[in-house]
Amino acid sequence: MRARIDRIAWLWRRLRNMGVAELAHRLREALRRQSTRWLRQGWAAYAHEPQLPAVLPGLKDRVHMSDEALRTAIAQGAKRFRQGQFTALGVHWPAGSISMAFDASLWTLDPCTGKSWPGSERYCFDIAYRLERGIGDVKYVWEFGRLQFLPLLAADAALNGCTPSLEAVGSAIDSWYENNPPFRGIHWAELLNVAIRAINLLVALSLCGDRLRPATLGRARAMLAAHARLLALFPSLHSSANNHLVAECAAEYLIAVAVPELPDAGHARAAARAQLVTQCLKQILPDGWPAEQSPSYGAFTAEFILLASVVAEAASEPFATEVAQRLDAFAMHVVALANRHGVVPPLCDNDEGRVLTSGEHEADYPMSIAAAICAVHGRALAGEGLPGLRLRDAIFGRPGLGPTPVMGTSLFADGGCSVDRRQVAGRACLLTFDHGPLGYLSIAAHGHADALSVTLDVDGDPMLVDPGTYLYHSGGQWRDWFRSTRAHNTLNLQGADQSTMAGPFNWSAKADARLESTGGQAAWPWRASHDGYMRRFGLRHERTIVALDDGYQITDRLLGKAPAPVTEVVFQLGLAYSAVRDGSGFIVHNRTGPVARLVFEAQGDLLCQRGGAMGAGGWVSPRFGVRQESDRISWCGHVPADGAVVRIQLLTRDRITGEEFV
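The present account deals with the structure reproduced in this document. In this convention, every chain numbers its residues from 1, walking through the sequence in written order. Thresholds applied to this predicted model are a pLDDT of at least 70 for local features of residues and 80 or more for the giving and counting of side-chain atom pairs; totals over whole chains, interfaces and linings are not thresholded and use all residues. Where side-chain values are given, they derive from all heavy atoms of the structure, hydrogens and water being excluded.

For the rest of this paragraph, the subject is the overall build of the chain. Within the chain one finds 17 helices and 27 strands. Only C-alpha atoms enter the radius of gyration; for comparison, a globular chain is expected to reach 2.2 Å times N to the power 0.38, where N is the number of residues. The C-alpha radius of gyration of the chain comes to 25 Å, within 12% of the 26 Å expected for a compact globule of 662 residues. Seen through its C-alpha atoms, the chain measures out along the principal axes to roughly 75 × 60 × 50 Å. Sequence-distant contacts in the chain: of pairs separated by 6 or more residues, those separated by 24 or more amount to 68%. Per-residue and other accessible areas were derived by the Shrake-Rupley procedure at a 1.4 Å probe size, with only the shown protein chains allowed to occlude residues. Per element, the accessible surface of the chain, about 24,700 Å² overall, is 53% carbon and sulfur. Charge counting follows a simple rule: Lys and Arg are positive, Asp and Glu are negative, and His as well as the terminal groups are ignored. The atom standing in for a charge is NZ when the residue is Lys, CZ when it is Arg, CG when it is Asp and CD when it is Glu. If you average the places of the 66 positive and of the 66 negative side-chain charges in the chain, the two averages end up 5 Å apart. Helix and strand definitions here come from DSSP, where helices need a minimum of 4 consecutive H or I residues and strands a minimum of 2 consecutive E residues; each element is numbered from the N-terminal end. Only heavy atoms enter the contact rule, under which two residues are in contact if any of them lie within 4.5 Å.

See the structure below:
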């Protein structure tokens, strides 16, 4: 009964954000799901005769250009997987759970709880995975079912002649086919996973399909046909037309190119190709900022588009030049945000989604995609070093290394973010200031209530941080906390969020942020505001940031006639830092000693908390599924008429016998 009530509540909140056109689309989609329950299920409807493998043109030739270092890295990654080592979303699959026979239970295993998700006994759209609490978080079982280990094994077989990797590719395809008939079980329930699985299957077939058994090739073609059918039936449109739609169109296009004999392949190829161009121009803004406001999801979207564009070029039907221009702009946006380690702030949601992966954690994933874009377009990558070797490099190539990013300020007017990169007190500082929209489309699915939030990286270590994501479907109240205003480096009124949550991936009332002014050519001061508290409190939050010789000054004002309630200004520290009270502020330390001093000029209560109950202290999620305690500094009080001021002073380093002192 509780699950039914939760589902009704979720549907009601989602329906409230839909217009008439979307409501009509959702009704047709619901009817189509019911008819699909009885039509074209089972492999008989997609039977294919064993024949040559489906191939993406040009891919194998690109992979064979890999140098010895990359071939070795691929061989090592493939060997780890064959030994049963698989890691995703911060979780290691249990020892002994993965064998190269790919037992049926492996496809439904939740590696965290040891429980099993529904398999072929259930129609995929009957599985209420969004509200499931007893089995675990569905993302883990989906991660293995995406078959993203197949290209790694296939590349090892193609480049290094590894027979065990080739055999593992065939066994995985055969087992998946036998245990996941259309459209039964958890792996058909979400179209993003369907798209990613189809793409990875195609890449693997392109690399080593000519060495697989004929029966396996027939099964692989049947899988592609069923995947294409489901993608065509249930496109992600309207409020769902974010990175999911890009993934689906990329898969439809690539399947149609590789298997042109499929029904409607010609139409699907043209329609998906056109939609990819359209979505590229919508979801990567002209200044390169991702429309979803998340650098990670922007990289995810760009990787789909880049792979499709590489195949389109090889198929003699290149995308419009505007696509390459937007991808280049995205790469430049990543370079502007990245610290000396190539890592960008984890703004908004990040579920570690990848198109091609070596099965390892990639803290520098956006930079890896920026490098791939530069390699494909024959450009050098600006930065202090290239990302580590990965399977992705075998597909897209490795770029040359260009000069380091220039010092100074960058304004991403379309995306709504200002970035400052400069030396302060002998330290490399990288500051970001968010004055953009909550997220993309009507539900802003992957946005956080972080308007006017700042992040600050010092000497390659994130000091003032976005807290991260933690969990999606099983996150519960923690999911809400990591999206909340109180978890971010901005101001909140009486603990209220700037925007109103209406579900784990849904927002109703949304704060509208805008950049009020910059200091012209000198860039300073930055001034921005948002209206998220107007309806409830009659107040507009305005934040001004000024660069000082020794750091930055932040001034928060509340504009309006209403009396200002108790206000909290938050600074969440990164995992490498801690804070110690120092008069009217705090000294922030890392392993080398004192780094900065935060001085609060307005009268109020100062507090530094670490961990504890949700909302009581500081928490940071350095990657999906991981939550760690970290100091959270807050000022609470009434904002003076001329604003509450905090100064962030960077402390000079004196080098004495290799140690660092103030």
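Quick look at the sheet that holds strand 8 (residues 454–458) now. Strands belonging to one sheet form pairs held by backbone hydrogen bonds; the direction of such a pair is parallel or antiparallel. The sheet built from five strands is open, its strands ordered 5-6-7-8-9 with antiparallel pairing. Of all strands in the sheet, those bounded by a partner on one side alone are strand 5 (408–412) and strand 9 (461–464). Recorded for the sheet is a direction-independent mean angle of 20° between the axes of neighbouring strands. Where strand 8 and strand 9 come together, three bridges link them in antiparallel fashion. The partner of Val458 across the bridge, within strand 9, is Asp461. Note on method: axes are straight lines fitted to C-alpha atoms, helices fitted across the in-contact stretch only, with angles between N-to-C directions ranging 0 to 180 degrees. Relative to strand 6 (residues 417–424), helix 13 (residues 321–337) is tilted by about 45°, and along the sheet it contacts strand 5, strand 6 and strand 7 (427–434). Any two strands with at least two DSSP bridges between them are considered paired.

Helix 13 packs onto helix 11 (residues 265–283) with a crossing angle of 35° between their chain directions and a minimal axis gap of 10 Å. Seen from above, helix 11 lies across helix 13 with left-handed handedness. From helix 11, Val277, Cys280 and Leu281 reach across to helix 13, where they touch Glu322, Val323 and Arg326. Think of it as three bins: nonpolar holds Ala, Val, Leu, Ile, Met, Phe, Trp, Tyr, Cys and Pro, charged holds Asp, Glu, Lys and Arg, and polar takes everything else, Gly as well. Of the residues belonging to the contact of helix 11 with helix 13, the class tally is four nonpolar, no polar and two charged. Crossings are assigned a handedness: left-handed for a near helix turned anticlockwise from the far helix by less than a right angle, right-handed for a clockwise turn.

Attention now moves to the nonpolar core. Among buried residues, those of type Ala, Val, Leu, Ile, Met, Phe, Trp, Tyr and Cys that are joined through side-chain atoms within 4.5 Å constitute a nonpolar core. A 1.4 Å probe rolled over the protein chains alone gives each residue an accessible area, and that area as a share of the maximum for its type sets the label: buried under 20%, exposed over 50%, partly exposed in between. Counting 157 residues, the largest nonpolar core has Phe144, Phe149 and Phe304 as the members making the most contacts within it. Here the element with the most residues in this core is helix 8 (residues 191–208); it accounts for 14 residues. If you look at the next biggest cluster of nonpolar residues, it comprises 44 residues, including Phe571, Tyr577, Ala579 and Phe586.

Looking now at the pairing of strand 6. Here is the key point about a regular strand: its side chains alternate between the two faces of the sheet. Buried residues dominate strand 6, accounting for seven of its eight residues. In this antiparallel pair of consecutive strands, strand 5 and strand 6, the connection spans four residues, and Gly416 shows a positive phi of 85°. Two elements, strand 6 and strand 7, share eight bridges in a ladder whose sense is antiparallel. Paired with Arg421 across the two strands is Leu430, which belongs to strand 7. Between strand 6 and strand 7, which follow one another and run antiparallel, lie two residues, and Ala425 among them has a positive phi close to 55°.

Within the secondary structure layout, Ser499 lies in the loop between strand 10 (491–493) and strand 11 (501–503). Owing to a relative accessible area of 2%, Ser499 belongs among the buried residues under this scheme. Reaching out from Ser499, the side chain makes a polar contact with the backbone nitrogen of Ala511 at a distance of 2.8 Å. If we skip the residues at most four places from it in the chain, Ser499 touches Leu438, Ala449, Trp507, Ala509, Lys510, Ala511 and Arg536. Whenever two N or O atoms come within 3.5 Å, that pair is a polar contact, provided that in protein one can donate a hydrogen and the other can accept it, and provided that, for residues adjacent in sequence, both atoms are side-chain atoms.

When two rings of Phe, Tyr or Trp (its six-membered ring) have centres within 6.5 Å they constitute a pair, described as stacked for plane angles under 30 degrees, edge-to-face for angles over 60, and tilted for the intermediate range. Here the structure, examined in full by the defined rule, presents 36 aromatic pairs. Following the ring pairs from residue to residue traces out a cluster consisting of Phe81, Phe86, Trp93, Phe102, Trp107, Phe144 and Phe149. Here, over-ring charges are defined by two tests on the NZ atom of lysine or the CZ atom of arginine: distance to the ring centre within 6 Å, and angle to the ring normal within 35 degrees. Its end group placed over the ring of Trp478, Arg627 keeps NZ or CZ at 4.1 Å from the ring centre. Over the ring of Trp619 we find Arg627, and its NZ or CZ is 4.7 Å from the ring centre.

This paragraph deals with unusual backbone geometry. Cis peptide bonds are those with omega within 30 degrees of zero, and the linkage from Pro182 to Phe183 qualifies with -15°. Phi at Ser316 is positive, roughly 65°, even though this residue is not glycine. Position of Ser316 among the secondary structure elements: in the loop between helix 12 (295–314) and helix 13. On the basis of relative accessible area, Ser316 is assigned to the exposed category, the value being 66%.

Pairs of cysteine sulfur atoms within 2.5 Å are identified as disulfides in what follows. On inspection of all chains with the given rule, the structure shows zero disulfides. There is no disulfide at Cys162, and the cysteine sulfur nearest it, in Cys208, is 11 Å away. Residue Cys608 stays outside any disulfide, its sulfur separated by 13 Å from that of Cys636, the closest cysteine.

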